[in-house]
Amino acid sequence: MPELRGRKTEVQEGDADPEPSRAEPDPQTEGPNEAVKVSSGAGGDEGEEEEGGQRQEEGGQRQEDSNRPGTSGKTSRKSSTSSFLQRLVSVFFGCLAAVACGVLYAVYLSTYHDRKFWFSTRQELEREITFQAGSGLYYYYYKQLLAAPSFERGFYELMIDNRTLSGQTINAVERLSLYPELITSFVYRVTGSQDIVEPIYFYVGAVFGLQAVYVTALFVCSWVMSGTWVAGMLAVAWYVINRTDTTKVDHALPLRDNWALPYFSCQVAALTGFLSNNICSATEMFCYLTMSASTFTFLLVWEHSHYVLFIQGLCLLLLDSFDLVPSRKMADIHKVYLSSLFLAYLFQFQNPTLLSSPLLSLLIGSVLARYFQQNMKMGPLVARVMKLFLHFHLVFTTGITFSYLVKKLIPVSEGDFILKFLEVKFGLNTTTDFVTNLLLCQETLQSPGQDLFLRLTQASVLPFYFLVLTVCLLSTLQTIYRRLSGQPMKTNLRLEDGRIGEQPEVIYHVFHTLLFGGLTLLFDGMKYLWTPYVCMFTAFGVCSPDLWMTVFKWLKLKSIHPVVLSLILSTAVPTIIGFSLWREYCPRVLADLSELQEFYDPDTVELISWIRSQAPVAAVFAGSPQLLGTVKLCSGSAVTTLPLYSDINLLRRSEDSYQVYAMRSAEDIYKILTSQKTNYVIIEESICTELTLNKGCRIKDLLDIANGHVVYDKGEIYSFSKHGRFCHEIKMNYSPYTNYFTRVFWNRSYHVYKVNSVISFQY
């Protein structure tokens, strides 16, 4: 990409001046001689007279050269060949570094995962238990696809799955977004990997491979924006150092976002290249096709992807409204979104959520507003500002109206629930609803603590991020003012212009990081969408001569030549940062690999072994969603609920299963469990006797609030009911609990009770 970008710049400048010797080389990809040539042509604001004199001298020199036959042509060909070879070498080493960073990161993750869980030395059951937080449920369907006689048969069984949720037949592919497992199992079969690698290693390796793609895309994105692959290496280094805040892959491998976010990273990298002015048509087409494929795949593998693309769509709406990107490109991006939504709608079995998604509403509103306001980008400043407000009003009014009509025609329960959740989140309402309060207590949906910003500051990301963001934002605001005032936007920017805010790809990333950063301040889980691009954006800024030149242009630096100084700083600053990171964090990263951690859960292994050997094959188990995900993975037994927080119906079933920790009578619990056709109920000691500082977020506290079993006294909340807490009382082994339930297994962490099919009244 940098090669093509540099060549396009020369062509555009060559159009203005037909002499080949006047073409300005790219300072980041050219050699030292060309850099000196560039620096000698800049003079700041007061350098116009000097430039005029230089042009006269250059004109005289060209006149002399023209009197010498063949001299000009030979010099031009030699210079062109030399610059092409230098760019080719730079691109080659940059691509090599990008691939190397991705491969090394995947190897690092694999080694770290093996050391953390002793993965290679465990038995199959113990390996499966390492899939935490209920994420092992996804791996269960991967196993089921491989166990089927054929891929087609396995796919068909997932679409009419009646062995997962008790009393229900579900389309597991649609409900759980199982396309990653479908694709992985298909590749495993087709490539004949059965004789080479175990299924679990192939699955884990696929996740690690996607993480390699993730960091490679971040590398390329920073490289394209800055013009130097040193920025890509710095972005990857910051990403790895801040791994706690950039990825969930250490916590639970099969989660949907671990599969989806690498595709989003590829989409952002392709969009960055597509928005750039200095690319040729072939590169633009490549970026367009990559953006189309990655957008569709992103929508396909993650149920929340359309919300992420909605935020991205808002960034692009601002770009288009302020006339910072050609209308042709915006029309192409709208085509990508609409076609991807349509294909995802078909592949997800006519998923009504996509029709009522805010992304589709925004696209409809934007397209209609562009049609009705074709002269919006014309006129004086005041008129354009008024048209701009009218444009935003038309876009959002049309979008909201479209969404309302779709929800009336196709009822979607999820939309109303999200609105109620946001009302409670922002303090506009209060509720005793268990599901709403449970989600509010999830760490990912709470505001982030100070630890996040302290970690980013210690890794030196945050200070430089604020510096880069401030410069780019101020320059962007200058560009917006110039565009609204009717000034044209330069497409062939030179280094000495000092206008980093006139690059459309930079403006997009300014809006991108601001919107996702604002959401991160509200929801801690959004940091996995914000922090990786903070690393990329910051690395681009400190390695970009354009950023330093913009600062010097504002300061009107005269003592030192600003172009030379900007080139020096764009090399020296990242070098100093890189050495300091290497010195401080390299030993820590290597220590993570050398440290042998111990992860072993003997109580869970004992529980699963008992279920496999003693429980009937057709038995139905009730319990917490996270535990039931592990039970489903390791035993294949049917369960009453699943660990899926995006499905409101499953959350309601989880509320019923959690009632064993409430202050309810034995008869009430028995009726709830039998209505779900439960044969066995698992009570966890960690939930029943949970002790935390935040009492309001314990499962039993949320149940007491929802059931009305609380008393408020002087600002304190006390639980009160005529019945004792079920999970405590049932362990006493007295009537009426023994009439309805019989204990069949217990250890330090779990108690398993059989739900009696015939009530035995014992006194």
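Read on for an overview of the structure.

Conventions we followed
- Residues numbered from 1 in each chain as written.
- Predicted model: local features only at pLDDT ≥ 70, side-chain atom pairs only at ≥ 80, totals over all residues.
- Heavy atoms only, no water.
- Helix = DSSP H or I, 4+ residues; strand = E, 2+ residues; numbered from the N terminus.
- Buried < 20%, exposed > 50% of the residue type's maximum accessible area, 1.4 Å probe, protein only.
- Contact = heavy atoms within 4.5 Å.
- Disulfide = S-S within 2.5 Å.
- Pairing = 2+ DSSP bridges.
- Axes fitted to C-alpha atoms, helices over the stretch in contact; angles between N-to-C directions.
- Phe/Tyr/Trp six-rings, centres within 6.5 Å; stacked < 30°, edge-to-face > 60°.
- Lys NZ or Arg CZ within 6 Å of the ring centre and 35° of its normal.
- Arc of directions from axis to C-beta.
- Patch = residues over 30% accessible without salt bridge, like charges linked within 9 Å, V, L, I, M, F, W, Y side chains within 5 Å.
- Areas by Shrake-Rupley, 256 points an atom, 1.4 Å probe, with all protein chains shown as cover.
- Salt bridge = Lys/Arg side-chain N within 4 Å of Asp/Glu carboxyl O.

Things to note about the overall build of the chain
Along the chain, the regular secondary structure elements total 35 helices and seven strands. The 763 residues of the chain split such that 53% are buried. Here the analysis covers contacts within the chain between residues at least 6 apart in sequence; of these, 73% occur between residues at least 24 apart.

Quick notes on the state of the cysteines
The full count for this structure, using the stated rule, is two disulfides. Each sulfur of the disulfide joining Cys-441 and Cys-697 lies 2.1 Å from the other. An S-S torsion of about -80 degrees defines the bridge between Cys-441 and Cys-697 as left-handed. Within this pair, whereas Cys-441 is found in the loop between helix H21 (434-440) and helix H22 (450-458), its partner Cys-697 is found in the loop between helix H32 (685-688) and helix H33 (699-707), the two being separated by 256 residues in sequence. Exposure remark for Cys-697: the relative accessible area of 24% places this residue in the partly exposed category. Here Cys-688 connects covalently by a disulfide to Cys-727, the sulfurs 2.1 Å from one another. When the S-S torsion is 85 degrees, as for the bridge of Cys-688 with Cys-727, the disulfide is right-handed. Highlighted residues: Cys-688 in helix H32 and Cys-727 in helix H34 (residues 726-729), separated in sequence by 39 residues.

Remarks on the environment of Ser-624
Take Ser-624: it is sitting in the loop between strand S1 (620-622) and helix H29 (625-635). Sequence spacing of Ser-624 and Val-660 is 36 residues, and the spatial spacing of their C-alpha atoms is 9.8 Å. Every residue in contact with Ser-624, bar those within four places of it in the chain, is listed here: Tyr-658, Glu-684 and Ile-687.

Some remarks on the sheet that holds strand S2 (residues 638-639)
On the basis of which strands lie adjacent, the open sheet formed by five strands has the order S2-S1-S3-S7-S6 and mixed pairing. Each edge of the open sheet carries a strand with a single partner, namely S2 and strand S6 (741-746). Both S6 and strand S7 (residues 750-755) contribute to a ladder of five bridges, which runs antiparallel. When the sheet's bridge partners are listed, Phe-745 is paired in S7 with Val-752. Contacting S1, strand S3 (680-684), S6 and S7, helix H31 (residues 666-675) crosses the sheet at an angle of about 75 degrees to S6.

A few points about the packing of aromatic side chains
Within this structure, the stated rule accounts for 37 aromatic pairs. Their ring planes at 90 degrees and their centres at 5.7 Å tell us that Phe-119 and Tyr-201 sit as a pair that is edge-to-face. Here the residue Phe-119 occupies a position in the loop between helix H4 (71-117) and helix H5 (124-129), and Tyr-201 occupies one in helix H10 (residues 199-226), the gap between them amounting to 82 residues. The buried category is assigned to Phe-119, whose relative accessible area is 2%. A connected cluster of aromatic rings, assembled from ring pairs, spans Tyr-670, Phe-726, Tyr-734, Tyr-737, Tyr-740 and Phe-741. Just above the ring of Tyr-112 sits the side chain of Arg-243; from NZ or CZ to the centre is 5.0 Å. The positively charged end of Lys-329 is found above the aromatic ring belonging to Phe-274, 5.6 Å away from the centroid.

Description of the pairing of S7
With five of six residues buried, S7 is to be regarded as a mostly interior element. Counted between consecutive antiparallel strands, the loop separating S6 from S7 contains three residues.

Topic: unusual backbone geometry
Going from Ser-735 to Pro-736, the amide bond is cis rather than trans, its omega being 10 degrees. Along the chain, Pro-736 turns up in the loop between H34 and helix H35 (737-740). Positive phi, normally seen in glycine, also occurs at Ser-177, with a value near 55 degrees. Inspection of the secondary structure puts Ser-177 in the loop between helix H8 (172-176) and helix H9 (179-190). Although it is not a glycine, Gln-350 sits at a positive phi angle of roughly 55 degrees.

Brief notes about helix H7 (residues 151-159)
Every buried residue of H7 is accounted for by Phe-151, Gly-154 and Leu-158. Axial view of H7: buried residues confined to an arc of 65 degrees, hence all on one face. Where H7 is buried, its residues meet helix H6 (136-147), H8 and H9.

Some points on the pairing of S3
Within S3, five of the five residues are buried, which leaves the element mostly enclosed by the surrounding structure. Residues Tyr-680, Ile-682 and Glu-684 line one face of S3 and the alternating positions Val-681 and Ile-683 line the opposite face, and both faces are buried. Inspection of the sheet shows S1 paired to S3 by two bridges, in the parallel sense. Residue pairing across strands places Phe-621 opposite Tyr-680, the latter belonging to S3.

What to know about a nonpolar patch on the surface
Taken together, Leu-419, Leu-422, Phe-426, Leu-428 and Leu-522 make up a surface patch of nonpolar side chains, about 460 Å² in accessible area. With respect to the element layout, Leu-419 can be found in helix H20 (residues 413-425). Here Leu-419 falls in the partly exposed class, since its relative accessible area comes to 48%.

Looking at the pattern of salt bridges
Within this structure, the stated rule accounts for 31 salt bridges. The closest approach of N and O atoms between Arg-328 and Glu-284, which form a salt bridge, is 2.7 Å. Remark: Glu-284 occurs in helix H14 (residues 281-301) and Arg-328 occurs in helix H16 (residues 327-347); sequence separation between them is 44 residues. By relative accessible area, which is 45% here, Arg-328 ends up partly exposed.

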